[in-house]
Amino acid sequence: MNVGVPREVKPGEQRVALTPAGVRALIAAGHRVTIEAGAGLGSSIRDEEYTRESATTAAADQVWAQADMILKVKEPLPEEYPRMRPGQILFTYLHLAPVPELTRALQAAEVIGIAYETVQRADGSLPLLAPMSEVAGRLAVQEGAFYLAKAHGGRGILLAGVPGVPPGNVVVLGAGVVGVNAARIALGLGADVSILDINLDRLRAVDDLFHGRVITLMSNAFNIDQVLRRADLLIGGVLVAGARAPVLVTKEMVATMKEGAVIVDVAVDQGGSVETIHPTTLLDPTYVVTGVVHYGVANMPALVPRTSTFALTNATLPYVLELAGRGVATATRRNAALAKGVNVWRGKLVHPAVAHALGERATPLEAIVD
Ligand SMILES: NC(=O)c1ccc[n+]([C@@H]2O[C@H](COP(=O)([O-])OP(=O)(O)OC[C@H]3O[C@@H](n4cnc5c(N)ncnc54)[C@H](O)[C@@H]3O)[C@@H](O)[C@H]2O)c1
């Protein structure tokens, strides 16, 4: 198969959809890889690192024109629509439900659009979203620690404390991928960490994982109210799949927090679980409400594009190899997780949530692919 990797054109996006290790694996399996010149630079990967593994570099138009399968990170932008070709596989984050114009563009171009975010295993887990939650969860503590510094607007707290001075108090809402990764880093820094979830099994897993060194608490309004008063850093990592994040921290609760405490609500991309949070950008990440620093960056992995690129491509590459090796029809028939990733197939809407967003009925994949 001819595999093409364009440079990302979305403003600020520095990740790339394939690393030199991915090129090596694809070439070894007998495929051809064309990378847009400079595509890896945002992640500090030079063109020579790709060509050394036998990839070819080319201009964007040529990459799109030659490829049977395009690997991207973000959805195509309008300037890329005319480059898509009928029957071409597009494997990338799509997030189609809120953007009907993009869904229509993919339908019109008759591509096979497979979305990273809807690839789903039988246990409900989302293997191509998890790596970005790992990055964001770990980064949340690093960023929180930075903004706790007095010169950065915070309370002036060193999370680790020192002998004779207690460590900072970190409260994590949600014990999923973001929450557990945040707890791990906070604990590693020596902070005093509590984590809350409504799922007791998640709390049992955390208790086991950290050998009881993280305090686990059932998530309810009473407990949240109590822990917030002590918190120096609050990290939000709550998710109710497919829904807006529940508001667990009201503005009245925020007003009871310490002056100079920091809130990093990672779930801001789903609306956030803190009433006073709103999305911010990496260029201007924080603002203050009732003395509490709020950090609402909706694309945290973009701060560390190199780590994020490697984390993402570690997870996507096995699917890329399967699609390239078996062809899209056989690969999606044999791999149910990958089949769930198909959003549009040559003009037909396949994913139920995407069809629903357009007020249409989905066509089951089995009815299209035989
Ligand atoms: N801002 C960013 O850059 C960024 C990056 C990656 C992920 N995210 C977002 O972070 C959020 C969390 O992602 P995840 O991968 O950790 O999800 P996850 O499904 O692994 O974990 C979510 C957890 O929230 C828990 N939960 C649900 N309702 C709760 C409640 N009322 N109280 C406490 N816990 C509750 C669930 O039981 C689950 O354990 C998502 O919205 C995701 O999109 C944001």
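Each remark here, short or long, concerns the structure printed above.
For helix α8 (residues 221–230), the set of buried residues is N223, I224, V227 and L228. Along the axis of α8, the buried positions cluster into a sector of 130 degrees, meaning they face one direction only. For α8, the exposed residues lying more than 90 degrees away from the buried face are A221 and F222.

It is worth spelling out the site of the ligand at this point. Looking at the ligand, there are 28 residues lining it, with S133, D197, S219, D269 and M300 nearest. In the environment of the ligand, an oxygen atom lies 2.6 Å from a nitrogen or oxygen atom belonging to the side chain of D269. Across the complex, the protein chains shield 85% of the 870 Å² of accessible surface that the ligand would expose by itself. Residue assignment for the shell around the ligand shows that the elements contributing at least two residues are α5 (130–147), α6 (177–188) and β8 (192–197). In terms of residue count, the dominant contributor to the shell around the ligand is α5 (3 residues). A class-by-class count of the residues in the shell around the ligand yields 17 nonpolar, 8 polar and 3 charged.

Moving on: the nonpolar core. Ranked by size, the top nonpolar core spans 44 residues in total, and within it L18, I35, L71, F91 and I114 carry the most contacts. No other element matches helix α10 (residues 305–326), which puts 8 residues into this core. Among all residues touching L71, those that are not within four sequence positions of it are V3, G4, V5, P6, A17, L18, F91 and V320. V172, F210, V293 and M300 belong to the second-largest nonpolar core, a separate cluster that totals 32 residues.

Taken together, the 8 strands give an open sheet; going across it, the order is β3-β2-β1-β4-β5-β6-β14-β15, and neighbouring strands pair in mixed fashion. The open sheet has two edge strands with one neighbour each: β3 (56–58) and β15 (348–349). Judged from the 2 bridges that link them, strand β14 (residues 342–345) and β15 form a sheet pairing that is antiparallel. Paired with V344 across the strands is L349, a residue of β15. Contacts from helix α4 (residues 100–109) reach β5 (89–92), β14 and β15 within the one sheet, and its direction differs from that of β14 by about 50 degrees.

Inspection of the entire model under this criterion finds 18 salt bridges. In this structure, K10 and E75 form a salt bridge, with 2.7 Å as the shortest nitrogen-oxygen distance. Residue K10 is located in the loop between β1 (2–5) and α1 (20–28), and its partner E75 is located in the loop between β4 (69–71) and β5; the two are separated by 65 residues in the primary sequence. What makes E75 buried here is its relative accessible area of 15%. Connected through shared salt-bridge partners, E8, K72 and E80 make up one network.

Take the environment of T276 next. When you line up the elements, T276 lands in the loop between β11 (262–265) and β12 (286–289). Residue T276 is classed as buried on the basis of its relative accessible area, which comes to 14%. Along the backbone, T276 and A21 are 255 residues apart, and their C-alpha atoms lie at a distance of 43 Å. With near-sequence residues (within four places) excluded, T276 lies in contact with K251, V254, Y287, V289 and H294. Polar side-chain contacts of T276 include one of 2.7 Å to the side chain of H294.

What counts, and at which threshold
Residues numbered from 1 in each chain as written. Predicted model: local features only at pLDDT ≥ 70, side-chain atom pairs only at ≥ 80, totals over all residues. Heavy atoms only, no water. Buried < 20%, exposed > 50% of the residue type's maximum accessible area, 1.4 Å probe, protein only. Helix = DSSP H or I, 4+ residues; strand = E, 2+ residues; numbered from the N terminus. Arc of directions from axis to C-beta. Near = heavy atom within 4 Å. Polar contact = N/O pair within 3.5 Å; in protein donor to acceptor, adjacent residues only side chain to side chain. Areas by Shrake-Rupley, 256 points an atom, 1.4 Å probe, with all protein chains shown as cover. Nonpolar A, V, L, I, M, F, W, Y, C, P; charged D, E, K, R; others polar. Core = buried A, V, L, I, M, F, W, Y, C linked by side-chain atoms within 4.5 Å. Contact = heavy atoms within 4.5 Å. Pairing = 2+ DSSP bridges. Axes fitted to C-alpha atoms, helices over the stretch in contact; angles between N-to-C directions. Salt bridge = Lys/Arg side-chain N within 4 Å of Asp/Glu carboxyl O.

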